[in-house]
Amino acid sequence: MIHIPLYNIKEEKDMIMNRFIFLLCIFSCFCMSQQIQKRTIILDDIFHPELKKDFEGNPPYPFTWLPDGEHVLIWNQQKQEWTSIHAISRELSTVYSYEQFEEACVSSELPHIIQDKISISSDILWNPQFTGFVFFYKQGIYYCDILKNIISRLTQHEITAQELSFSPDGKWLSFIRFYDLYIVSVETKKEIRCTVGGNEKLHNGYLDWVYQEELYGRGNFKGYWWSPDSASIAFFQMDLSNVDTFRIVDHSKIEYSDISLGYPKAGRPNAHVKLGIFELGSHSIQWVPVQDNEKESLLFVDVSWSPNSEHLCFQVQNRQQTWLELYIFEMVDRTTHRILQETTPAWVETYGSPIWTANNTFLWRNVRTGWNHIYEYKYNGTQWNFLPVTAGKWDVREMYGTHQNFIFYSSNQENPLELHVYCLDTITKQTKKLTTQPGHHNAKFNPQKTMFLDTWSNIYTPPHIDLKTSKGEWICQFHTPQLDTFQEINLQPIEFQTIPNRNGFLMPAMFIYPNHFKLEQKYPILFYVYGAPQISQVRNKWPRSDRLWHHVLASKGYIICYLDNQTATNYGAAPSWKAYKKLGQTEVQDIEDAVQWLKQKTYIDEKRIGIWGWSYGGYFTTYALTTTKLFKMGIAVAPVTDWRHYDTIYTERFMNTPQNNPLGYQKSSAVRNASNLHGKFLLIHGTMDDNVHLQNSVQLIYALQRAGKQFDFMIYPKCCHSIKIPILRYHLYKTMTDYVLKNL
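**Student:** With reference to specific residues and values, describe the sheet that holds strand β35 (residues 461-469).
**Tutor:** Spatial ordering of the open sheet is given by β33-β34-β35-β36, a layout of four strands whose pairing is antiparallel. Of all the strands in the sheet, just β33 (440-445) and β36 (474-479) have a single pairing partner and so form its edges. Direction aside, the axes of adjacent strands within the sheet are offset by 25° on average. In this structure, β33 lies alongside strand β34 (residues 451-458), joined through six bridges in antiparallel fashion. The partner of Phe-445 across the bridge, within β34, is Phe-452.

Dropping the structure here:
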């Protein structure tokens, strides 16, 4: 049996004791599971469209706290209804059933909705009061009042609406129609057009591709924000007239078909953004003045309102993201005030909206010390002053909010491989850890911040959900996964370690071993890498199902090593800054050090070392294969191959622009290094990838061919960046499995 020690974060003698205690716990659990587990995991268990197993235990996602703070709303698939669960008593009650929905369709003279089998389990939007919801039907928006059980059509226009949102009071529904912002009264059905002039090159309230991908969350194109009093809507107007259009061709069809999107590549123009406020009372627009925006085309990276709707807060950055400024627009006197400016020795990340605790006081996070911490900002009548709230050599990951004199947040302060929920008493300055199980915890507090649902897991425990008080007292188990899968399937042994790089930095690593591992035997090893700044892969957290593929390989005699290079770790922001203006170079140095360290182990076959990764990990893999001779083989899925091909906001954050950093871009290009390819190489890409374009792989292929280099290439038609089509995803992992078995 292989050791599974705790991650090394303390003094040596403390580390030995912690490793021993952790080993005993895992060894005990593993031995008990061995009595009922029948076989090793196979590819079909994870990816086969019809035969794949459940590895998460069907957690009740999504779940939402209801406004009373005592009930949780979930979709009950078995009963085909929305069910509320009393958080403490666990008593169930029907909120709205599909049977009621059918009755509403009939009574509202809309029987065709039933005939077309419209689902109410997804693709609906509840109002904030949970008294009704909207849904789409044949390009129209319909509102279902669950109290009266009637359905009415809100919009008559046949153009599909997008990015729907209710006003906080639930009286209005807002949406985007052909790049303009509209609202419609839920009661009267009166529709108001808030903006005019929207088109493919002028977006009102609708984000462009790069803003949704890099700033506001993948898939979220909503570029407007209701004020809490439902009287105003802040929105972006985005002028894309200078943004390059990129076309992605669907070659799987007989007729010509393509997708066009505005995609600014590194060094090319971004959209010019203005911030406006539509006021429902006057139907007028107030444009928010921002210094230097006209000449610099600033990035608007966050927008939010204060609870009393008197302050519109927004954050802007310069194009290179070397500074960030927080502004407040006063709704009363229509003036803009700069509250602060943040800078670092490299780039500045964004850390979300301020959390207001009083009219002139808010909490906000930044990394001014090199670590992500909470600060309190107060206005004294003439200026804003700040004081640190948290401090230490660890990072705050999320602020959940406040209740009375308590601040709730998550951090990795006890172990960089884990995430726990904490409560800080601002009077006593005492911090209390609210979660106890080892692993990764994510809290969902009720609106009153008196209870929270704690979704947690660790490397050997699928996601559980516990209900706790805001003092950390355990109330009940809200969800325990029932997994028959593990009565027949055995996962491989796992070990956390650290590997020193040439600077003495201890890089986190996680190893998955073959069964019956023997120190005197030689094993091939496959590195799994991602490597992007501050994106760690080594965590004490239940893996996504596709990561279980590594257990398939381990069962076939391979050691798998997850490695977080120094700039990818959760050791504060400062270590990541070493990658500034030279992506790829520090990552490869770190993996060179890891390989040399592993070669000293008697059980590593130094002639059979491989590497693979996806997206940034695909870039890391490709760059490593073209700049070193350490690897027998590598697999790169959807890699960036030259940073001039990737988008402005992400790339320039770390590399500045090609105009300002030409040498950095040259040295970081795998295309330029193609003639140095060493080892067997499998390159994989989806043809419809709108994120990392197929152009990246095509240009690398051309450079490899010109250099006379042999390689393998697999292409997936109709697939975007994630290659999600089930049968093709199964084919992808079968292809990669066969490639590893044949070449490593």
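**Student:** Just give me the short version of the packing of helix α5 (residues 209-216) against helix α10 (residues 648-655), but keep the residues and values in it.
**Tutor:** It is at 8 Å that the axes of α5 and α10 come closest, and there the two elements cross at 50°. In terms of axis orientation, α5 runs oblique to α10. Within the contact between the two elements, α5 uses Val-210, Tyr-211, Glu-214 and Leu-215 and α10 uses Thr-648, Ile-649, Tyr-650 and Arg-653. Residues belonging to the contact of α5 with α10 are distributed by class as follows: five nonpolar, one polar and two charged.

**Student:** Provide a residue-level description of the environment of Arg-90, including the pertinent values.
**Tutor:** Within the fold, Arg-90 resides in the loop between β4 (81-86) and β5 (92-97). Judged by relative accessible area, which is 33%, Arg-90 ranks as partly exposed. The sequence separation of Arg-90 and Ile-159 amounts to 69 residues, and the corresponding C-alpha distance is 43 Å. When neighbours within four sequence positions are excluded, Arg-90 is seen to be in contact with Ile-85, Cys-476, Gln-477 and Phe-478. A polar contact is formed between the side chain of Arg-90 and the backbone oxygen of Phe-478, at a distance of 3.1 Å.

**Student:** So what about unusual backbone geometry? Which residues, and what values?
**Tutor:** Keep in mind that most residues, glycine aside, have a negative phi and that most peptide bonds are trans. With a phi close to 45°, Phe-178 is a non-glycine residue in the positive phi region. As for its placement among the helices and strands, Phe-178 is situated in the loop between β11 (172-177) and β12 (180-185). Even without glycine at this site, Ser-309 takes up a positive phi of about 65°. With respect to the element layout, Ser-309 can be found in the loop between β21 (299-305) and β22 (311-317). A relative accessible area of 7% places Ser-309 in the buried class.

**Student:** Let's hear about the packing of aromatic side chains: which residues, and what values?
**Tutor:** With the rule as written, the count across this model stands at 63 aromatic pairs. An angle of 15° between the planes, with centres 5.7 Å apart, marks the rings of Phe-135 and Tyr-142 as stacked. Like Tyr-142, Phe-135 is buried. Considering the side-chain rings of Trp-347 and Tyr-580, the 5.9 Å spacing of their centres and the 55° angle between planes classify their relative orientation as tilted. Of this pair, Trp-347 sits in the loop between β24 (335-343) and β25 (355-358) while Tyr-580 sits in the loop between β41 (559-563) and α8 (585-599); the two residues are 233 residues apart in sequence, bridging distant segments of the chain. You can call Tyr-580 buried: its relative accessible area is 16%. Its end group placed over the ring of Tyr-224, Lys-222 keeps NZ or CZ at 4.8 Å from the ring centre. When the ring centre of Trp-287 is taken as reference, the NZ or CZ atom of Lys-274 above it lies at 4.2 Å.

**Student:** Please give an account of the pattern of salt bridges that cites residues and values.
**Tutor:** Pairs may arise between side chains of opposite charge once their charged atoms sit close together. The final tally for this structure, using the stated rule, is 23 salt bridges. Where Glu-325 meets Arg-338, a salt bridge forms, and the shortest distance between an N and an O atom there is 2.8 Å. Highlighted residues: Glu-325 in strand β23 (residues 323-330) and Arg-338 in strand β24, separated in sequence by 13 residues. We note a salt bridge from Arg-544 to Asp-546, for which the minimum N-O separation is 2.7 Å. Given the relative accessible area of 47%, Arg-544 is considered partly exposed. Bridged by salt links that share partners, the residues Arg-39, Asp-45, Lys-53 and Glu-488 form one connected network.

Conventions we followed
- Residues numbered from 1 in each chain as written.
- Predicted model: local features only at pLDDT ≥ 70, side-chain atom pairs only at ≥ 80, totals over all residues.
- Heavy atoms only, no water.
- Pairing = 2+ DSSP bridges.
- Helix = DSSP H or I, 4+ residues; strand = E, 2+ residues; numbered from the N terminus.
- Axes fitted to C-alpha atoms, helices over the stretch in contact; angles between N-to-C directions.
- Parallel < 35°, antiparallel > 145°, perpendicular 65-115°, else oblique.
- Contact = heavy atoms within 4.5 Å.
- Nonpolar A, V, L, I, M, F, W, Y, C, P; charged D, E, K, R; others polar.
- Buried < 20%, exposed > 50% of the residue type's maximum accessible area, 1.4 Å probe, protein only.
- Polar contact = N/O pair within 3.5 Å; in protein donor to acceptor, adjacent residues only side chain to side chain.
- Phe/Tyr/Trp six-rings, centres within 6.5 Å; stacked < 30°, edge-to-face > 60°.
- Lys NZ or Arg CZ within 6 Å of the ring centre and 35° of its normal.
- Salt bridge = Lys/Arg side-chain N within 4 Å of Asp/Glu carboxyl O.

By themselves, these observations are geometric and do not establish any function.
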